[in-house]
Amino acid sequence: MPTVEVKTFDKPDETREFEGKGWADVVSVANRPVAKGHFEPGWRWSNNVKPIAKTDSCQVSHLGYCVSGRMRVHMDDGSEQDIGPGMVVAILPGHDAEVLGDEACVMLDFGEIAEYARR
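Keep in mind that this is a model prediction, so the values were computed, not measured.

Caption draft 1: Structural view of the packing of aromatic side chains. Tallied over the entire structure, the rule returns 4 aromatic pairs. Plain terms: the ring middles of F18 and W43 are 6.2 Å apart, the flat faces sit at 50° to each other, and that makes the pair tilted. Of this pair, F18 sits in the loop between β1 (14–17) and β2 (22–29) while W43 sits in the loop between β3 (32–39) and α1 (45–48), and the two are 25 residues apart along the sequence. When sorted by exposure, F18 lands in the same class as W43, which is buried. These aromatic residues form a ring-pair network of at least three members: F18, F39, W43 and Y116.

So this is what it looks like as structure tokens:
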């Protein structure tokens, strides 16, 4: 493996569609996937990814950074957290999420996303 590996989201290794309300561009560096998710206004995990995941709630662990827009995370235990630009977030499995407002939410995800929204 090279000592420095560089990829760009302008030429992703893979793009995963979210049932009409966004997508994730995925690059693999050091054999780990990194995603740049584009979540359009009206996107909600339970509507736009659940049909792909086939689980009651998202069972992926996310480690992310919000570039723009806003998102609300609804944990299965009933707690909620809003995420906005400049925030770093760790989200455990067992959640739903939705975009807030009329601006797309862009998130970088360094978590366990190898199978997230993969068909």
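Caption draft 2: Geometry of the environment of K7. Its location among the elements puts K7 in the segment before β1. On the basis of relative accessibility, which here comes to 36%, the residue K7 falls in the partly exposed class. Beyond its immediate sequence surroundings of up to four residues, K7 is in contact with D13, V27, S28 and V29. A distance of 2.9 Å separates a polar atom in the side chain of K7 from a polar atom in the side chain of D13.

Caption draft 3: The environment of S46, seen in detail. Of note, S46 is situated in helix α1. C-alpha separation for the pair S46 and E98, spaced 52 residues apart in sequence, amounts to 8.5 Å. What S46 contacts, discounting residues up to four positions off in sequence, is P51 and D96. A polar contact is formed between the side chain of S46 and the side chain of D96, at a distance of 2.9 Å.

What counts, and where the lines are drawn
Residues numbered from 1 in each chain as written. Predicted model: local features only at pLDDT ≥ 70, side-chain atom pairs only at ≥ 80, totals over all residues. Heavy atoms only, no water. Phe/Tyr/Trp six-rings, centres within 6.5 Å; stacked < 30°, edge-to-face > 60°. Helix = DSSP H or I, 4+ residues; strand = E, 2+ residues; numbered from the N terminus. Buried < 20%, exposed > 50% of the residue type's maximum accessible area, 1.4 Å probe, protein only. Contact = heavy atoms within 4.5 Å. Polar contact = N/O pair within 3.5 Å; in protein donor to acceptor, adjacent residues only side chain to side chain.

This is a description of form; function is not addressed.
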